[in-house]
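The lines below spell out each chain.
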Amino acid sequence: MVDVSQHELVPDHVLLDDPEDVESVLAEYDVKKTDLPKIKRTDPALPDEAEVGDVVKIVRNSRTTDEAVVYRLVVS
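Residues numbered from 1 in each chain as written. Predicted model: local features only at pLDDT ≥ 70, side-chain atom pairs only at ≥ 80, totals over all residues. Heavy atoms only, no water.

Peer 1: Describe in detail the overall build of the protein, supporting the description with residues and values.
Peer 2: Secondary structure assignment for the protein yields 1 helix and 4 strands. Going from the N terminus to the C terminus, the protein shows its helices and strands as β-α-β-β-β. Taken against the 2.2 N^0.38 rule, which gives 11 Å for 76 residues, the C-alpha radius of gyration of the protein at 13 Å falls within 12% of a compact globule. Along the longest, intermediate and shortest principal axes, the C-alpha atoms of the protein span 40 × 35 × 20 Å. The buried share among the 76 residues of the protein stands at 26%. Considering only contacts in the protein between residues 6 or more positions apart, those separated by 24 or more positions represent 52%. (Helix = DSSP H or I, 4+ residues; strand = E, 2+ residues; numbered from the N terminus. Rg over C-alpha atoms; globule rule 2.2 N^0.38 Å. Buried < 20%, exposed > 50% of the residue type's maximum accessible area, 1.4 Å probe, protein only. Contact = heavy atoms within 4.5 Å.)

Put into structure tokens, the structure is as follows:
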């Protein structure tokens, strides 16, 4: 089986496992956890340890800003 998360075009998906990190992100954007864009738990790019309710940081390459960072809430 192919591990899709290792493909060069798939951006890094990092699980925010520290509640303080999650709170910092939510405060920075002045949003609630449920306001974040969603990503399904079955998405093959997610880390295996991601569970419903977790927040994932996605770091993409960008031509204009070198990296673009987005956050997603894991849903079922």
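Peer 1: Tell me about the side chain of His-13, residues and numbers included.
Peer 2: Relative to the elements of secondary structure, His-13 occurs in strand E1 (residues 12-16). In this structure the side chain of His-13 is engaged in a polar contact, spanning 2.8 Å, whose partner is the backbone oxygen of Pro-11. Residues in contact with His-13, not counting those within four places in the same chain, are Ile-39, Ala-45, Leu-46, Pro-47, Val-56, Lys-57 and Ile-58. (Polar contact = N/O pair within 3.5 Å; in protein donor to acceptor, adjacent residues only side chain to side chain.)

Peer 1: Could you give an account of the side chain of Arg-72, naming the residues involved and the relevant values?
Peer 2: The topology assignment puts Arg-72 in strand E4 (residues 66-75). One buried charge, Arg-72, has no salt-bridge partner; the nearest side chain with opposite charge is Asp-43, at 8.3 Å. With residues near it in sequence (within four places) discarded, Arg-72 still touches Pro-37, Lys-38, Ile-39, Asp-54, Val-55, Val-56, Ile-58 and Arg-60. (Lys, Arg positive; Asp, Glu negative; His and termini not counted. Salt bridge = Lys/Arg side-chain N within 4 Å of Asp/Glu carboxyl O.)

Peer 1: Explain helix H1 (residues 19-29) to me, using residue names and the numbers behind them.
Peer 2: The set of residues buried in H1 consists of Val-22, Val-25 and Leu-26. What you see down the axis of H1 is that its buried residues fit within an arc of 95°, all on one side. Turned more than 90 degrees away from the buried face of H1, the exposed residues are Glu-20, Glu-23, Ala-27 and Glu-28. Check the buried side of H1 and you find it contacts E1, strand E3 (55-62) and E4. Phi turns positive one or two residues past the end of H1, at Asp-30, with a value near 55°. (Arc of directions from axis to C-beta.)

Peer 1: Pulling in residues and values, what's your account of a negative patch on the surface?
Peer 2: Together, Asp-3, Asp-17, Glu-20, Asp-21, Asp-48 and Glu-49 make up a negatively charged patch on the protein surface. Turning to its location among the elements, Asp-21 is positioned in helix H1. (Patch = residues over 30% accessible without salt bridge, like charges linked within 9 Å, V, L, I, M, F, W, Y side chains within 5 Å. Areas by Shrake-Rupley, 256 points an atom, 1.4 Å probe, with all protein chains shown as cover. Charge placed at Lys NZ, Arg CZ, Asp CG, Glu CD.)

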